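# Architecture at a glance
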Amino acid sequence: MTSWKKISSEAKLLLIGIPVLIWTLFPIYHMVLFSISPRDTATSGRIWPENPTLQNFNIVFKRDHFYLDHFWTQLGNSFVIAITVGALTLFIATSAAFAISRLKVRGGRTVMNLALVTYFIPAAFLAVPMYKTMGVYGLLNNHWALIFAMVTIASPYCIWVLKQASDKLPYELDEAARMDGATPLQLFWMVYLPLMVPSLVAVGTYALLLAWNEYLYAFLLLSKDSDVTLAVALGHFLSADDSPWELLMATGLLYALPPVAFYYIFKRYMVSGLTDGSVKS
Amino acid sequence: MASVSFHNIYKNFGDVKVIRCISFDIQDGEFVVLVGPSGCGKSTLLRMLAGLEDISAGEIQIDGRVINEFESKDRDIAMVFQSYALYPHMTVRENMAFSLRLRKADVRTTEERVTNAARILNLDKLLDRFPRELSGGQRQRVAMGRAIVRDPKVFLFDEPLSNLDAKLRVAMRAEIKALHQRLKTTTVYVTHDQIEAMTMADRIVVMQNGIVEQIGTPLELFDRPCNLFVAQFIGSPAMNVLKGTVQGSYVHALETKWQINSNITTVSEGQQVYFGIRPSDLSLASSGIAAKVVVVEPTGAETELLLQIGEQSITLVMHGRTSVNPDDIVYLQFDPNKAHVFDLSSEQRL
């Protein structure tokens, strides 16, 4: 009886899971298909190319095409911008969450509510005001413009998530540390941060990938070919009538790899149960 | 070691008065237990002493020095929390050394003190474990070790045993008491469990609704509770209390006469009172006050009888065993000197 129940519930899960999996993998399959097909057979309609080749990647690496002139620089831009956004957002969000959740500063609730309100306005609506603002400060065509914009967009959500996570840390730990003689800064470094690692990794990853994947703001705020991120450069592939689809897909595939690697490296830090044993619940 | 004194202490949370004018002194080396039902303000009082709550009015002194404005860390006190509050990412050794590390004590002193505390608490073999790898009792000992290494003037315990199972609680109770006898550090201990209070304290402070009801040694409180609340709170099973009227040297209650000590001169004829008698002060006899047996609870060394007189339940605790059965009629006797009388309206002892 129970085994039948188990099988049927498993079957139901599979029934949902398999379509979702196919749905997710289908575009990736297409991307791979294009990137390993020779230029003339890329749109032949076959399920698998007759003569799969890595030639496209070779072209990308050697920047052997008009659109790929700045490939390495643009990839570097993407890296620098994403990592800076991740780091800055983490710094801001962690400080804010610590101050609001642990030090219980006055006005903390208001900050939290305002953070939530920012999400009532779609990021696209803010693109023009943001462009104007960056112009006023003379930051257009500067990486910092994109970095500041992305930090602005990512921070409220990260503050919100980190605040929720830090609320779950037992308050007695802070009191114990205070009695042990810790200053707020020592409490932050020696007790709070080590216990927040899983949330910090999750939130940092979110901000980093948000910046890595950003197209609209990068397109608006940066214009020189050697300044833009690879995401914007990928968009340029489509600006001509005879777009080199196979190169676009090969570059896109390469662009998708770092997030995957990043995820696998940091996955082990995203564990729960770090605070086990601190207090009896 | 140090003395502690509370002087006209008030604590308000907004409009709610949690502590109302509390004053008492704790002697150097004394083990004082604050006890009372939940919400009576005992933990708040302790947290004010610890510096975790502001003091709305009044003064707290340690060794004659007013510490109201001192930070927790400058009060030279250590606290053991109900929930242990161990740092989960640090080993037992690091947990215990944390306060010394913050004070930048040198490595040798730190090591020495941690080893010493670990030996006292039997934690030697667990020093490199993490809190999550320890049992509840071991965690509680680490929390105590963290307090010991600081060698504070005063130890504070905030219901440290309420998360442990019954058996462990009894064992830890003895451990804490032994620790106090060894270190002789002034200790303030908060609990809602009157048995813990009775067994551990040099003196007990009974609190209710933010005020102190009575302060005294465990036996003083047991023998001469100053009001009905203390009488019923201290002692297990609780004191039997009957409503009645004074008639000569008797209290007339439940259509029977309950003799009281003729030395009680503060009662007047016809006065409405509560008559109190502890379950252990009642005994079975061949004649006396008749009662019906409802439940017999043998616990081995003692037997607890739940009796009924009219609609009123009466508890009796006797040594040894008994052959009485439910629905039997038994007869009760007691020593009038052991009877307690409280005024009906003021509930104060007469």
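Residues numbered from 1 in each chain as written. Chains lettered and ligands numbered in written order. Predicted model: local features only at pLDDT ≥ 70, side-chain atom pairs only at ≥ 80, totals over all residues.

A word on the sheet that holds strand E14 (residues 272-277) of chain B. All names here are of chain B. Reading across from one edge, E13-E12-E11-E14-E20 is the order of the five strands in this open sheet, with antiparallel pairing throughout. With partners counted over all chains shown, the strands left at the sheet margins are strand E13 (256-259) and strand E20 (340-343), one partner each. Recorded for the sheet is a direction-independent mean angle of 45° between the axes of neighbouring strands. Where strand E11 (residues 240-247) meets strand E12 (residues 250-253), three bridges bridge the pair, whose relative direction is antiparallel. Residue Val246 lies in a different strand from E12, and its bridge partner there is Val251. (Pairing = 2+ DSSP bridges. Helix = DSSP H or I, 4+ residues; strand = E, 2+ residues; numbered from the N terminus. Axes fitted to C-alpha atoms, helices over the stretch in contact; angles between N-to-C directions.)

The interface of chain A with chain B comprises 21 residues on the first partner and 25 residues on the second. Looking at the side of chain A that touches chain B, the elements with two or more residues in it are helix H7 (171-180) and helix H8 (184-213) of chain A. Within the side of chain A that touches chain B, the residues separate by chemical class into 10 nonpolar, five polar and six charged. (Contact = placed C-beta atoms within 7 Å. Nonpolar A, V, L, I, M, F, W, Y, C, P; charged D, E, K, R; others polar.)

The predicted coordinates should not be examined in detail at positions where pLDDT is low. Averaged over every residue, the pLDDT of chain B is 92; residues scoring 70 or more account for 100%. Note on the complex model: pTM 0.82, ipTM 0.83. (pLDDT = per-residue confidence, 0-100.)

Our next topic: the confidence of the model for chain A. Model confidence for chain A is summarised by a mean pLDDT of 88, while 95% of its residues fall at 70 or above. Within chain A, helix H2 (residues 55-61) of chain A has the poorest average pLDDT of any element, 88, and helix H3 (residues 71-102) of chain A the best, 95.

Quick look at the sheet that holds strand E5 (residues 65-66) of chain B now. All names here are of chain B. Read from one edge of the open sheet, four strands run E2-E1-E4-E5, paired in antiparallel fashion. The open sheet has two edge strands, strand E2 (16-26) and E5, and neither has a second partner. Sheet topology places strand E1 (residues 4-13) next to E2; seven bridges connect them, and they run antiparallel. Note that in E2 the partner of Phe13 across the bridge is Val16. Against the sheet, helix H1 (residues 42-50) contacts E1, E2 and strand E4 (57-62), and its axis sits at roughly 115° relative to E1.

Here we come to the environment of Phe219 of chain A. All names here are of chain A. Relative to the elements of secondary structure, Phe219 occurs in helix H9 (residues 216-221). For the pair Phe219 and Thr229, spaced 10 residues apart in sequence, the C-alpha separation works out to 8.4 Å. Setting aside residues up to four positions removed in sequence, Phe219 forms contacts with Val232 and Gly235.

In globular proteins that are soluble, nonpolar side chains generally tend to be buried together. Judged by nonpolar contacts, the single largest core of 141 residues is most densely connected at Val85, Leu146 and Met150 of chain A together with Leu156 and Val188 of chain B. In contact with Val188 of chain B, not counting residues within four places along its chain, are Val4, Ile26, Val32, Leu34, Leu46, Leu49, Val154 and Leu156 of chain B. Counting residues in each nonpolar core, the second largest holds nine residues, with Val60, Tyr67, Phe71 and Leu248 of chain A among its members. (Core = buried A, V, L, I, M, F, W, Y, C linked by C-beta atoms within 7 Å. Buried ≥ 20, exposed ≤ 12 C-beta atoms within 10 Å, placed from the backbone.)

This part takes up the packing of helix H4 (residues 108-117) of chain A against helix H6 (residues 143-167) of chain A. Residues and elements named next belong to chain A. Where H4 meets H6, the axes come as close as 8 Å, and the angle between the chain directions of the two elements is 130°. The pairing of H4 with H6 is recorded here as oblique in orientation. Once H4 is placed against H6, the crossing between them reads as left-handed. Between H4, through Met112, Ala115 and Leu116, and H6, the contact on the second element is made entirely by Pro156, Ile159, Trp160 and Lys163. Class assignment for the residues of the contact of H4 with H6 results in six nonpolar, no polar and one charged. (Parallel < 35°, antiparallel > 145°, perpendicular 65-115°, else oblique. Left-handed = near helix turned anticlockwise from the far one by under 90°.)

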